[in-house]
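Working through the structure, step by step
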Amino acid sequence: MKKGNGNKSCNRIKKYIIRDRYLILLVAPVVIYYFVFHYIPMYGAVIAFKDFSAGQTIWGSEWAGLKWFQEFFRSVYFGRLISNTLILSSLSLVFSFPVSIIFALLLNEIRRKALKRVIQTVSYLPHFISLVVMVGMMSNFLSPSDGVVNQILKNFGMQPIDFMGESAWFRPLYIGSGIWQSFGWNSIIYMAALIAIDPNLYEAARIDGCSRWQEMLHITIPGLMPTAVMLLILALGNLMNVGFEKIILMYSPATYDVADVISTYVYRRGILSAQYSFGAAVGLFNSVINFILLLSINKISKLYTQISLW
Amino acid sequence: MERFCRKRLDQERIYEKRCKKGLSIVLLYIIIFSVLLTGCSSGKVNTSDKSNSGSRIPLEERTAAQYQLPLVDEPFTLTFATADNSATAYSYTQDLPAFQELERRTGVHVDFEVTPSDQYNTTMQTRLAAAKELPDLIRLPDDPIRYAKGGLIIPIDDLIGDFAPNILSLFKERPDVRKAQTAPDGRIYTLSAVVDARSMVNLNGLGMRKDWLETLGLKEPDTIDEWYEVLLAFKDRDPNGNGKKDEIPVIAVNVNGLYKLAWSYGLHLALSDGWYPDENGKVVYEWISPRMKDWLAEMNKWYQAGLLDPDMNSQNRDKYTAKAIGDIAGAAVSDMTMQFPQWNERMRNDFPNAKWEGIVPPKGPYGDRMMEKEQPTENIHYGITKDCKNPEVVIKWLDYMFASEEGKILMGNFGIEGLSYVMVDGKPQFTDFILKSEFGSGIAQASLGVNGSFPRILMKEMIEQRFLQYDGEVAQSNKATQYYVPSFPRVLASKEETDTYASIMADITTYKDEMVIRFIRGQEPLDNFDQYVKSIQGMGIEEAIAIKQRQYDRYMKP
């Protein structure tokens, strides 16, 4: 009886597979990609609880319990790393998130197609500059001895400023350059959302005597909201991840006090001093916090706006 | 209709359950399989470790048969991972002339796996963490003992005892070299280049524009205070005579260069990283010593007066060199002294009077004057990996290219006879190919693949000949070498020592680097120095000092 049932359901599976073969084929690369590159490596996170060093296998090394987590929590830098990470990422979220929405709205109001396209393309360009080149440009332009910016300051009789070496300048530079590099690119998704808004709504509004401003306020912005909220949730879920490569390129011991974040610390200790287990423990801690943030914000958003990721 | 639907739903639920069960079985298999796999490979590591242990005759009493060329009967390919050539246009992967010659003689072909030298360590660390399919021979990215304990590199003392007569005699002649290679467990896992021949000619020292001194009618500064006066004059009195105050009195690639000025305060920061024994042999962490405060105060004074390189925080060597040969820098702290005559040559066309020259370190307020001498060996270790199929050939090859008389001349020093050197009275003598090269003798050597990132022994004759043409600089070097003090001996640490040391020092080093630069730049008032000392003490420096003390004692034991 049981066996017969099993055969039956197996036949079913076969039938489904044959029926949906193209769909399965279509989705397979993505599933395989995620499985191979995002799920399988996850088992490596177990070294956070082990005393792993190069040459040992992940399973073969000794268990260390929560030793590495304790070491991190007791570290003198624990507080500073957390606050630097949160400050840097929330400031860049606060400043850069609205910029691409505003840019998309402004662009939407341009009626000349050609002009719109030119502006859009120009705004994407910085996105394609690699970070290394970008930071290289910054340190050249801002160099206190021969940088353009300081030459201008000097010509106005001002003292040159060591922009890259002053803690006070680190955050503005980091966030400012980040906005410059990403606002155009990030606005693409809003442009897509704008196109998706039903033109009939605008027509109806115009018949009812709405001004352009009112159209934007009551049709365009509400139309963008679901996308914006969705992206905001995703961004908040990444609050503990800041652009680590860029900080590595930009910081120096003189700016550690504002620039040193969890990921750079993991890099210095985990990779440079080859304490892999410690690095993995801190990284895992970071991911867990991110995960909790994501879940709770999704929940809040579901309660208040009915928009959620799932 | 509704019933039918429900039935179908039920069936789908069953099917779902069954699938879940199937999936979990598959997962279970994957887990079992991977455990088996890892179990096997860890077993392999252990056996390779065991096979070499047991009672061994000490190396001093061993004699190995002299090599016979070619080293192998059949062509043999050796894989070697190392940092790429310092002359970036001549990658080792291009089969450079010296390696061709080496292959002709030994029959061993070298297959290089190279990474640019500034990325090498990070790349190799990641690769070693994965520990799969390693090349036969690798340049280790950091502390070798960790990799030895992990079984990634194999002990080579028995191999040396059996197959490497020349390395054996090197160890006999130079016990300090052997000590530097000996692991805490008494075994040898790695080889390093023997480089101290250069420290008597090409010094890790200070340089100054002597012509600027003449232009301003100043005499060579002898004390730290006189340095300050001279540098102020460089800044204010327009020694380059272009009517602009564009002079940068002291240039430094980064703050580390300034550590050489701490010599005048009796601090060994530059080459010993602040670890040094006092008169009683007790190891001290000089970064928190009272003298440190004096040095920081002086550097802060210099910084406030605008004497220090403003780009010290974010520049690379190219930018630094551009300043040095751009006639705007007065003193340089980030170089080997033989750099100076080479700068002069590069400046010849635009600034014919420019004269960079080495200068003896200044005397400090307490009468200290010294220079730290380089270690006998380079702090770069080369080891044979567990994946090496034929360690015997590799060690024979190393013995020939690293320590034999012929190999030493070919790979480490003079290169190819007839091209880069000729024999005069039975001694190698560089030709103009090296000495008159328009790119400098170092690049000319490197373009052949000579004197690069592999085990080598530098010969004093080679260094002298290369720099003979700079007799003025050689004279300066001779003046300065009398102030040499040995730097803190580099001792291989045990895995436990490394682990503890690394976890203590990671935070301390971050904090120390940050505070030193902030003190110098005045972002942190020097009144907080005591606070800084207390913080470092609170971070567990005592334990790190104890580790350093143990290592020092181990080294001093005969």
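Moving on to the overall build of chain B. For chain B, the helix and strand inventory stands at 21 helices and 15 strands. Taken across its 558 residues, chain B has 55% of its residues classed as buried. Considering only residue pairs separated by 6 or more positions, chain B has 76% of its internal contacts joining residues 24 or more positions apart. Of the roughly 25,100 Å² that chain B leaves accessible, carbon and sulfur atoms contribute 52%.

Backbone geometry follows two general trends: most residues other than glycine have a negative phi, and most peptide bonds adopt the trans configuration. Residues and elements named next belong to chain B. The peptide bond linking leucine 69 to proline 70 adopts the cis configuration, its omega dihedral lying at -10°. Note on placement: proline 70 falls in the loop between helix H1 (2-50) and strand S1 (76-83). Phi angles above zero are rare outside glycine, and aspartate 238 is one such case at about 50°. By the secondary structure assignment, aspartate 238 is in the loop between helix H9 (224-236) and strand S6 (248-251). Within the chain, aspartate 273 stands out as a residue other than glycine whose phi angle is a positive 55°. Inspection of the secondary structure puts aspartate 273 in the loop between S6 and strand S7 (275-277). Looking at aspartate 273, the relative accessible area reads 34%, which means it is partly exposed.

Turning our attention to helix H18 (residues 471-481) of chain B. All names here are of chain B. Listed as buried for H18 are Glu473, Gln476, Ser477, Ala480 and Thr481. Seen from one end, H18 has its buried residues packed into an arc of 135°, which puts them on one side. Its buried side turned inward, H18 meets helix H8 (210-216), helix H12 (339-347), strand S10 (356-359), strand S11 (371-373) and strand S15 (484-486).

Here the focus is the confidence of the model for chain A. Taken residue by residue, chain A gives an average pLDDT of 87. The fraction at 70 or more is 97%. No element of chain A has a lower mean pLDDT than helix H1 (residues 2-19) of chain A, which averages 77, and none a higher one than helix H2 (residues 21-39) of chain A, which averages 93.

Helix-helix packing is described using two parameters, namely the angle between the two axes and the distance between the axes. For the pair helix H13 (residues 262-272) of chain A and helix H19 (residues 495-521) of chain B, the least separation of the axes is 10 Å and the interaxial angle reads 135°. Regarding the angle of H13(A) to H19(B), the classification is oblique. Once H13(A) is placed against H19(B), the crossing between them reads as right-handed. Residues Tyr265(A), Arg268(A) and Arg269(A) of H13(A) lie in contact with H19(B), whose contacting residues are Ala502(B), Ser503(B), Ala506(B), Asp507(B) and Thr510(B).

A separate point is the interface of chain B and chain A. Across the contact, 42 residues belong to chain B and 44 residues belong to chain A. Taken together, both faces of the contact between chain B and chain A bury some 3,500 Å²; the carbon and sulfur share is 52%. In this structure, the connection of chain B to chain A is made through six salt bridges. Two residues, Glu166(A) and Arg521(B), come together in a salt bridge whose shortest N-O distance is 3.7 Å. On the surface where chain B and chain A come into contact, there are 15 residue pairs in polar contact (both at pLDDT 80 or more). Contributing elements (two or more residues each) for the side of chain B that touches chain A: H1, helix H3 (117-130), helix H4 (144-149), helix H11 (317-324) and H19 of chain B. The element contributing the most residues to the side of chain B that touches chain A is H19(B), with 13 residues. Here the side of chain B that touches chain A is composed, by residue class, of 15 nonpolar, twelve polar and 15 charged.

Cut-offs used in this document
- Residues numbered from 1 in each chain as written.
- Chains lettered and ligands numbered in written order.
- Predicted model: local features only at pLDDT ≥ 70, side-chain atom pairs only at ≥ 80, totals over all residues.
- Heavy atoms only, no water.
- Helix = DSSP H or I, 4+ residues; strand = E, 2+ residues; numbered from the N terminus.
- Buried < 20%, exposed > 50% of the residue type's maximum accessible area, 1.4 Å probe, protein only.
- Contact = heavy atoms within 4.5 Å.
- Areas by Shrake-Rupley, 256 points an atom, 1.4 Å probe, with all protein chains shown as cover.
- Arc of directions from axis to C-beta.
- pLDDT = per-residue confidence, 0-100.
- Axes fitted to C-alpha atoms, helices over the stretch in contact; angles between N-to-C directions.
- Parallel < 35°, antiparallel > 145°, perpendicular 65-115°, else oblique.
- Left-handed = near helix turned anticlockwise from the far one by under 90°.
- Buried area = accessible area lost by both parts, 1.4 Å probe.
- Salt bridge = Lys/Arg side-chain N within 4 Å of Asp/Glu carboxyl O.
- Polar contact = N/O pair within 3.5 Å; in protein donor to acceptor, adjacent residues only side chain to side chain.
- Nonpolar A, V, L, I, M, F, W, Y, C, P; charged D, E, K, R; others polar.

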